[in-house]
Amino acid sequence: MSLHPSFHSGSITCPEQLSSLQGLDLAAISRVAARYPLRISGYYFRLMQEVGAPLIKQVIPDSRELNDPDGLEDPLDEENLSPVPNLVHKYPDRALFLVSSECAMYCRFCTRKRKVGTPTMSITDQTIAQGLDYLARTPAIKDVLVSGGDPLMLSDQRLERILKAIRAIPSVVTIRIGTRMPCSQPMRITPRLAGMLKKYHPLYLNTHFNHPAEITPQATRACGLLADAGIPLGCQTVLLRGVNDRPEVIKALIYSLLEIRVKPYYLFQADQTRGTSHFRTTIQTGQAIMRHLIGHVSGMAIPTYALDAPGGGGKIPLTPEYIDNLTETLDFTTYLGKPCSYPNTIIG
Ligand code: SF4
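Keep in mind that what you see is a predicted model, and the values were worked out from it rather than measured.

A. Molecular detail of the packing of helix α4 (residues 125–136) against helix α5 (residues 156–167). Where α4 meets α5, the closest approach of the two axes is 10 Å, and the angle between their N-to-C directions is 20°. As far as their axial angle goes, α5 and α4 are roughly parallel. By crossing handedness, the relation of α4 to α5 is classed as right-handed. Judged by residue contacts, Asp125, Ile128, Leu132 and Leu135 of α4 engage Arg158, Ile162, Ala165 and Ile166 from α5. Of the residues belonging to the contact of α4 with α5, the class tally is six nonpolar, no polar and two charged.

B. Region of the structure containing the pattern of salt bridges. Scanning the model with the defined rule gives 22 salt bridges in all. With its nearest N and O atoms 3.0 Å apart, the salt bridge here joins Asp125 to Arg158. In this pair, Asp125 is assigned in helix α4 and Arg158 in helix α5, connecting sequence segments 33 residues apart. What makes Asp125 exposed here is its relative accessible area of 56%. Look at Arg158 and you get buried, because its relative accessible area is 9%. Among the ionic pairs, Lys199 bridges to Glu160, the shortest N-O distance being 2.7 Å. Pair noted here: Lys199 is in the loop between α7 (191–197) and β5 (203–207) and Glu160 is in helix α5, with a separation of 39 residues, a long-range link. When its relative accessible area of 17% is taken as the criterion, Glu160 is described as buried.

C. Layout of the layout of surface pockets. In this structure, the largest pocket encloses a volume near 1200 Å³. Lining the largest pocket are 48 residues, with Thr111, Arg112, Ser147, Gln236 and Phe268 sitting closest to its centre. Put simply, the parts of the chain that give the lining of the largest pocket at least two residues each are β2 (94–98), β3 (143–147), β4 (174–178), β5, β6 (233–239) and β7 (263–269). The element best represented in the lining of the largest pocket is β7, accounting for four residues. A per-class count over the lining of the largest pocket returns 23 nonpolar, 13 polar and 12 charged. Looking at the second largest pocket, its volume works out to about 270 Å³. As for the second largest pocket, its lining consists of 16 residues, of which Lys57, Ile60, Pro61, Asp62 and Arg64 are closest to the centre. Class assignment for the residues of the lining of the second largest pocket results in seven nonpolar, four polar and five charged.

D. Quick peek at the site of the ligand. In the neighbourhood of the ligand, the contacting residues comprise Cys103, Met105, Tyr106, Cys107, Cys110, Gly149 and Arg180. If you map the ligand onto the pockets, it falls in the largest pocket. Among the residues forming the shell around the ligand, the class breakdown is five nonpolar, one polar and one charged.

E. Molecular detail of unusual backbone geometry. Here the bond from Gly148 into Gly149 is cis, since omega is 20°, no more than 30 degrees from zero. Unusually for a residue other than glycine, Asn86 sits at a positive phi of about 65°. Of the residues examined, Asn86 reaches a relative accessible area of 9% and is grouped as buried. Positive phi, normally seen in glycine, also occurs at Arg261, with a value near 75°. As for its placement among the helices and strands, Arg261 is situated in the loop between α9 (247–259) and β7. The partly exposed category is assigned to Arg261, whose relative accessible area is 44%.

Rules used throughout
- Residues numbered from 1 in each chain as written.
- Predicted model: local features only at pLDDT ≥ 70, side-chain atom pairs only at ≥ 80, totals over all residues.
- Heavy atoms only, no water.
- Axes fitted to C-alpha atoms, helices over the stretch in contact; angles between N-to-C directions.
- Helix = DSSP H or I, 4+ residues; strand = E, 2+ residues; numbered from the N terminus.
- Parallel < 35°, antiparallel > 145°, perpendicular 65-115°, else oblique.
- Left-handed = near helix turned anticlockwise from the far one by under 90°.
- Contact = heavy atoms within 4.5 Å.
- Nonpolar A, V, L, I, M, F, W, Y, C, P; charged D, E, K, R; others polar.
- Salt bridge = Lys/Arg side-chain N within 4 Å of Asp/Glu carboxyl O.
- Buried < 20%, exposed > 50% of the residue type's maximum accessible area, 1.4 Å probe, protein only.
- 1 Å grid on protein atoms, 1.4 Å probe; cavity = no way out; pocket = protein on both sides within 12 Å on 5 of 7 lines; lining within 4 Å.
- Points joined across faces, edges and corners; volume = space filled by probe spheres on them.
- Near = heavy atom within 4 Å.
- Sits in = over half its atoms within 2 Å of the grid points.

These figures come from the coordinates and say nothing about function on their own.
Structure (C-alpha cells):
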C-alpha cells in the first residue's frame, strides 16, 4: 500500500511516548492500545497539550474501552451490508468505499474501531478492484463515498488512480471524500492535492471537527485550499460526552466552521460502538443543544442532528419537535417559546 510520506514522522504510537503527560496510567493505556491502536499525529499532540481535556479525551486510550458490555462490535452492520470486502451498500443510490485502513490519528470513539488501524482491516489492490467492479456493475449507485480509515493517508498518486477509476464509471455522478485530515494533520492538504482532487468534480469533501479549538490557522489554510479548488466542504461532528456536549461549545464550533468555509452538515448522536459507551450522551442532551441553535444562529450554521440507526437502519433525524398539533392548522411553538399557527388546508 502506498501511503503519503508525511505520516509516520512525529506521530505518537507507543504509550511510552506519553510519559511526559501528567496523571496517565501507562500500563492501562498499553492494555487498551494492544486491542485498539494508538496513534496521534505530532500536530494534534501539540494542540491537545495546549487545549487539554476536550482534545485529550478524543485520542488518549481509556481503560473503559475494554469494559463495555453494552457496545456492539459492528453497530451499523456494515460487514453484512458489504457485497464485496470494504464496500458497504446500504442505501439504494450510494455506496461507502473503504480505500485505506489507517488514519493520521485513531479517534477513541471511532465507529469502525473494530478494524481501523488493525490487521483485520485488509485493503489491497484486489479489494480496490473488487469494489470498482461492484460499482461498475451496479448502476443504481450514483454517489460514492470514499472513506476508510482516512483516504488521504494514501499517496496522491494512489488516491488519484482510485478517483480516476471511479470517475470513469458512467453511472457515478458524485464522489465524496470522508476525511479527518483537515483536523488531524492539516499539512496533508497541499496545493498539489487540491489540484488533483479538482479534476474529479463533482467532488465533495466531508471532514470532521468536534471542538472549536481544532479550528487552527493550519486547519483554516487546509480548508481554504480545498474550497479554492471548488470543493464543497461539510463537517460531520460527533456529539461526545466531556468533549462538546454543551451548547456554547457546539455554537462556537459551527460559527468557526462557517468562517473557514465548511458547512456544518451533521451532528451525530454517538454510535453504539463497543469500546465507546463512555462517550455517549442522551438524546435529550443533543436536542437541548439543537434548541439552542435553531432560530438563534444562521440556518447556514445548523447541522442535522441524527442517529445512524443500529443494525444498518440508516440515518434517523433527531431534530427536536416544534409542532404542537397538526390538523387543519399547524400549531407550533417558536424558538422563542411563543405559540403560533399556520393554515394547513388547500384553497382554490
Ligand atoms: S479519523 Fe475517522 S476513521 Fe479514523 S479513527 Fe477517527 S473517526 Fe475513525
